[in-house]
Amino acid sequence: MRVTAFLDIPGQDSLPPLVRLEKYAFSENIFNRQIIARGLLDILRDFSNNEEDLLTVMEIVVRLSEDAEPTVRNELMEQIPPIAVFLQENRSNFPVVLSEYLTPIVVRYLTDPNNQVRKSSQEVLLILLEQDLISQHDIENKVCPILLALSAPDSDDEYKAEAVNIICKLASVLSKSTVERLLLPRFCELCGDGKLFQVRKVCATNFGDICHAVGQEATEKFLIPKFFELCSDNIWGMRKACAECFMAVSYSASPEVRRAQLSPLFIRLISDPCRWVRQAAFQSLGPFISTFANPSRAGLYIREDGTLSIRPPAQDLDSDFASGSPSAGNCGNTSSACSTKLSNTEPDPPTEDPSTGTSDFPHVGSSSDGLMANSLEDSASAGAELTRLSPETSAFLELPDGNHFPVNSNSEPGSSACPESPEDVFNNFFYWRTPLPDISKDLELLLSEAGPQEKGYSRPETVHHSCVARSEIQKVLDSLQEHLMNDPDVQAQVQVLSAALRAAQLDSVNEPEHKPTEGLNEVSVSDPSPASDNQMALSASSSQKELSVARILQSTDPGKPCGGATEQLETEQRHLPAPLEENKSKLQDIIPQPLLDQYVSMTDPARAQTVDTDIAKHCAYSLPGVALTLGRQNWHCLKDTYETLASDVQWKVRRTLAFSIHELAVILGDQLTAADLVPVFNGFLKDLDEVRIGILKHLYDFLKLLHEDKRREYLYQLQEFVVTDNSRNWRFRYELAEQLILILELYNPNDVYDYLMHIALKLCADKVSEVRWISFKLVVAILQKFYSHSESALGLSFISELIVRFRHCAKWVGRQAFAFICQAVVSEECIPVDQFVEHLLPSLLSLATDPVPNVRVLLAKALRQTLLEKAYLRNAGNPHLQVVEETVQALQLDRDPDVSFFATLEPKRRSTADTHVLEEQN
């Protein structure tokens, strides 16, 4: 019944329909006006045959839109989307009705004094824009002017916050030139609105959409500076919104801007004093790293169908040598001779003043001029610098200004290039041995009998540095005492500083005893005794402590920017002796190294306490994207991280890795997969069902990437999937059957017979019918595998097993399963017809005397709808035709009506079995 059916009552008055409509539309009764507004669509349909009547109705609608009652206006606004769709479908009859009547109503309601009406108009406007029901001309000339007026600086605050939200949504439906001309200037003004943080929050949330709408050039020219301002906003919610949309902004920027400007900015967000900002930044870290992906560097690219493809290595080498730069793989192998990695075990992110301007950000130069020229000099002096500066001295060097140093000096391609000389590129001794001190000057002084003078000269300098360190630590401890009870991060920093202060005091007390020993060790450098190795290990441990203290000192110094501290930490770490197991270089030049260091640190347990308890899960979720960005030649940078995630105590983290291990195998290739992923895969096989399901869903995709000998090792382990932690988890077994159908092609018939066939028979006897039905298809696929490879002996043996297990099964479900298997075998033609009629047909026909009607029903379907449709049996001279027809006639006379019905039903003229009807019945 129509809402406005009361208008059609003949006896109520003698007025014409339009007059009657106008009477009730402007009645004093509010309910009548609401009914008219609610039934406008039906009214328009009734008068759509006459254009003049329809225009009269639209004029009544315009007058009704000016009703003083908000409920009437709200009812009218809710009916506009279906009315607009109706008018769009009949555009040929009413081309201008939507533009001249409805669009002005929607635009006018954007400034309605009633909040509910205004919200409804905003929702309706967005619906009309998404469905493309408003023309571009109306958007530019009717919608945009009112939005610009509402978002003006002198506009009402409430209207401004609502208008900026619509402007951001509007950018996605307008052309690029229109957005730049009409909306971009106002959006940039709103980003710097100092009166309402709600306006800036909306701008920050939708910043990525605006960047995508205006393109790369306008983004870098107008939006990136505003983005820097929003990332430095005093309100933490603004910085959090910026961190969440960082990937979208980076996607719209050029590689140079992404590396030189956005990367240092993101590092600053990761080190934000607010925990929620750090949490959002770490969640966006993996997606942001993925924007650095370059198929020509990583050796991988995504096809149009969404699958990963591997670029041939020969093409990469040719392109790299042609461009005059070393390949990424070569640099990854020799980068240990050039530089070392920033430590990942750093304490909590340093606090900083959120109001710091963007001018304090360090910039990484996009130009590579002078890198090759300076690489020889830097590499030649690297060993001398390592020996001249002791860890104790380098840990407390004065931190430089961040404006003079980039965040990552090795981030550009070619910056990690090494000299061509073999002794400069790689040396076994310098690679594996902890760097030894340079004693050339000491030997000269000893030869000239000037040893005492040198000793007397060096000691006061060391004592001076120790005193400075203690005074600085004590000063910072005093400044942190007032914040000790408010922030757990401050408490952790105080603990580290207190331990460092005690160590510094102890060193100052024991220094006269240690100083002669140091001089003796410097002379006897050729003695590789265990004592000297232990002393080097202790020195390295002490240096790590002092490096942590230096970071805390830097984080509490408001005068030094974060970027400068990062560069100085890299410099300090370069002079620290690395442990032997970490001596392999993990530097790369695909992405800025600080980003990779922060990503790797997401597995640190301290991050879960200070940032987010699910930070390891976010790291695992984005790991395939990061690995794709780095390429297989830089897998060593992520290997330890992956192994740490694979052994995480949270099953959600392991589950995430299990669902993506097949994609990671494609990225890494067969060699790295066998070496690094197969052990993790084996561990997941024995994990919880929540983790194993991730392995199982992509079992075929993973196994097909392995070598044949490695793949055969999993044949015996496949049966472990049948056993689950919870027997009610039938979907697990259903997924196993689906995967086994695909896995059959990976193994030879003998392996299928020895291992997979028994799993299929076990699944066919499952308690859940859904698992049994999919398992019957698995049985048919196994038979097809045997006969397609001319293994008839295996096929006959399997048929005999089916007859024993199902045809002579004591339960009627097993006998019904045998009828379905025979029907599917005939339908799929997986075995020769003569083999079927000789080995399966007699057992199938014997089911005609089965006492259970459900078994005879399935037999009737198999014979009538499938078997009799085959040309082999339709031949009049076939000796088996008479036996089949006699069985069908007996089933037609069956006492069960369902059996007789399906035995009499005319066969369907198609080659596939009617499995859907069968499944519905069961």
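Nothing here was measured: the structure is a model prediction, and the numbers come from that model.

1. Notes on the packing of aromatic side chains
Scanning the entire structure with this criterion turns up 18 aromatic pairs. Relative to Phe902, the ring of Phe901 has its centre 5.2 Å away and its plane inclined at 80 degrees; by these criteria the two rings are edge-to-face. Through pairs of rings, three or more aromatic residues link up here, namely Phe187, Phe207, Phe227, Phe246, Phe266, Phe288 and Phe292. The ring of Phe26 is capped by Arg63, whose NZ or CZ atom sits 4.0 Å from the centre of that ring. Of note, Arg258 hangs over the ring of Phe292, and the distance from its end group to the ring centre comes to 5.8 Å.

2. Digging into the UniProt feature "repeat: HEAT" (unreviewed entry) in the chain
Under the UniProt annotation, the feature "repeat: HEAT" (unreviewed entry) is placed at residues 183-222 and 840-863. Regarding residues 183-222, the helix share stands at 85% and the strand share at 0%, and the terminal C-alpha atoms are separated by 12 Å. Across residues 840-863, helical content stands at 67% and strand content at 0%; the span's end C-alpha atoms are separated by 13 Å.

3. Digging into unusual backbone geometry
Positive phi values are uncommon outside glycine, yet Ser790 reaches one of about 60 degrees. Assignment of secondary structure puts Ser790 in the loop between α40 (769-788) and α41 (792-807).

4. A look at the pattern of salt bridges
In the structure shown here, the tally under the stated rule is 25 salt bridges. Of the charged contacts in the structure, one is a salt bridge between Lys160 and Asp193, with a shortest N-O distance of 3.3 Å. With Lys160 in helix α10 (residues 157-170) and Asp193 in the loop between α11 (176-191) and α12 (197-205), the pair connects residues that are 33 residues apart, well separated along the chain. In this structure Lys160 comes out as buried when scored by relative accessible area, which is 2%. The buried category is assigned to Asp193, whose relative accessible area is 10%.

5. Some words on the nonpolar core
In terms of nonpolar packing, the biggest core is built from 224 residues, with Phe207, Phe227, Phe836 and Leu844 touching the most fellow members. Top contributing element to this core by residue count: helix α34 (residues 651-685), with 14 residues. Setting aside residues up to four positions removed in sequence, Phe207 forms contacts with Phe187, Cys191, Leu223, Lys226, Phe227, Leu230, Cys245 and Val249.

6. Some details on the packing of helix α32 (residues 615-630) against α34
Running from amino to carboxyl end, α32 crosses α34 at an angle of 5 degrees, the nearest separation of the two axes being 9 Å. Viewed along their axes, α32 and α34 adopt a mutual orientation that is roughly parallel. Between α32 and α34, the residues in contact are Ala616, Lys617, Ala620, Tyr621, Leu623, Pro624, Ala627 and Leu628 and Lys652, Val653, Thr656, Leu657, Ser660, Leu664 and Ile667, respectively. Here the contact of α32 with α34 is built from residues that sort into eleven nonpolar, two polar and two charged.

7. A word on the side chain of Arg200
Examined against the element boundaries, Arg200 turns out to sit in helix α12. Reaching out from Arg200, the side chain makes a polar contact with the backbone oxygen of Asp193 at a distance of 2.7 Å. Setting aside chain neighbours within four positions, we find Arg200 in contact with Leu190, Cys191, Asp193, Gly194, Leu230, Asp233, Ile235 and Met238.

8. Re helix α48 (residues 897-904)
Owing to its 3.6 residues per turn, the α-helix brings residues three or four apart onto one side. Listing the buried residues of α48 in full gives Val899, Ser900, Phe902 and Ala903. Buried residues of α48, viewed axially, fall in a sector of 170 degrees; they line one side. Of the surrounding elements, those touching the buried residues of α48 are α45 (853-866) and α47 (879-892).

9. Remarks on the confidence of the model for the chain
The share of residues in the chain with pLDDT of 70 or more is 65%, and the mean pLDDT across the chain is 74. In the model, residues 313-433 has pLDDT below 50 throughout and makes 201 contacts with residues more than four positions away in sequence or in other chains. pLDDT under 50 marks residues 910-919. Its contacts with residues more than four places away, or in other chains, come to 16 contacts.

10. What about the environment of Leu696?
Within the secondary structure, Leu696 sits in helix α35 (residues 689-697). Leu696 has contacts with Phe721, Phe732, Glu735, Leu736 and Gln739, leaving out every residue within four places of it along the chain.

11. Re α40
Counted at 1.5 Å a residue, the expected span for α40 with its 20 residues is 28 Å, and the 29 Å between its end C-alpha atoms agrees. Residue Ser790 follows α40 closely and has a positive phi angle near 60 degrees.

12. Some points on the packing of helix α38 (residues 730-743) against α40
Packed helices, taken two at a time, are described by the angle their axes make and the gap between the axes. α40 packs onto α38 with a crossing angle of 15 degrees between their chain directions and a minimal axis gap of 9 Å. Put simply, α38 runs roughly parallel to α40. Crossing hand, α38 versus α40: left-handed. Within the contact between the two elements, α38 uses Trp730, Arg733, Tyr734, Ala737, Glu738, Leu740 and Ile741 and α40 uses Glu770, Val771, Ile774, Ser775, Lys777, Leu778 and Ala781. Taken together, the residues of the contact of α38 with α40 sort by class into nine nonpolar, one polar and four charged.

13. Concerning the environment of Tyr716
Within the secondary structure, Tyr716 sits in the loop between α37 (708-712) and α38. On a C-alpha basis, the gap between Tyr716 and Asp751 in space is 9.9 Å, while along the polypeptide they are 35 residues apart.

14. Examining the side chain of Glu75
Note that Glu75 resides in helix α5 (residues 70-78). A relative accessible area of 17% places Glu75 in the buried class. Not counting residues within four places of it along the chain, the set of residues in contact with Glu75 comprises Ala37 and Arg38.

Parameters at a glance
- Residues numbered from 1 in each chain as written.
- Predicted model: local features only at pLDDT ≥ 70, side-chain atom pairs only at ≥ 80, totals over all residues.
- Heavy atoms only, no water.
- Phe/Tyr/Trp six-rings, centres within 6.5 Å; stacked < 30°, edge-to-face > 60°.
- Lys NZ or Arg CZ within 6 Å of the ring centre and 35° of its normal.
- UniProt positions renumbered as here; feature names shortened; annotations may be inferred.
- Helix = DSSP H or I, 4+ residues; strand = E, 2+ residues; numbered from the N terminus.
- Salt bridge = Lys/Arg side-chain N within 4 Å of Asp/Glu carboxyl O.
- Buried < 20%, exposed > 50% of the residue type's maximum accessible area, 1.4 Å probe, protein only.
- Core = buried A, V, L, I, M, F, W, Y, C linked by side-chain atoms within 4.5 Å.
- Contact = heavy atoms within 4.5 Å.
- Axes fitted to C-alpha atoms, helices over the stretch in contact; angles between N-to-C directions.
- Parallel < 35°, antiparallel > 145°, perpendicular 65-115°, else oblique.
- Nonpolar A, V, L, I, M, F, W, Y, C, P; charged D, E, K, R; others polar.
- Polar contact = N/O pair within 3.5 Å; in protein donor to acceptor, adjacent residues only side chain to side chain.
- Arc of directions from axis to C-beta.
- pLDDT = per-residue confidence, 0-100.
- Expected span 1.5 Å × (residues − 1).
- Left-handed = near helix turned anticlockwise from the far one by under 90°.

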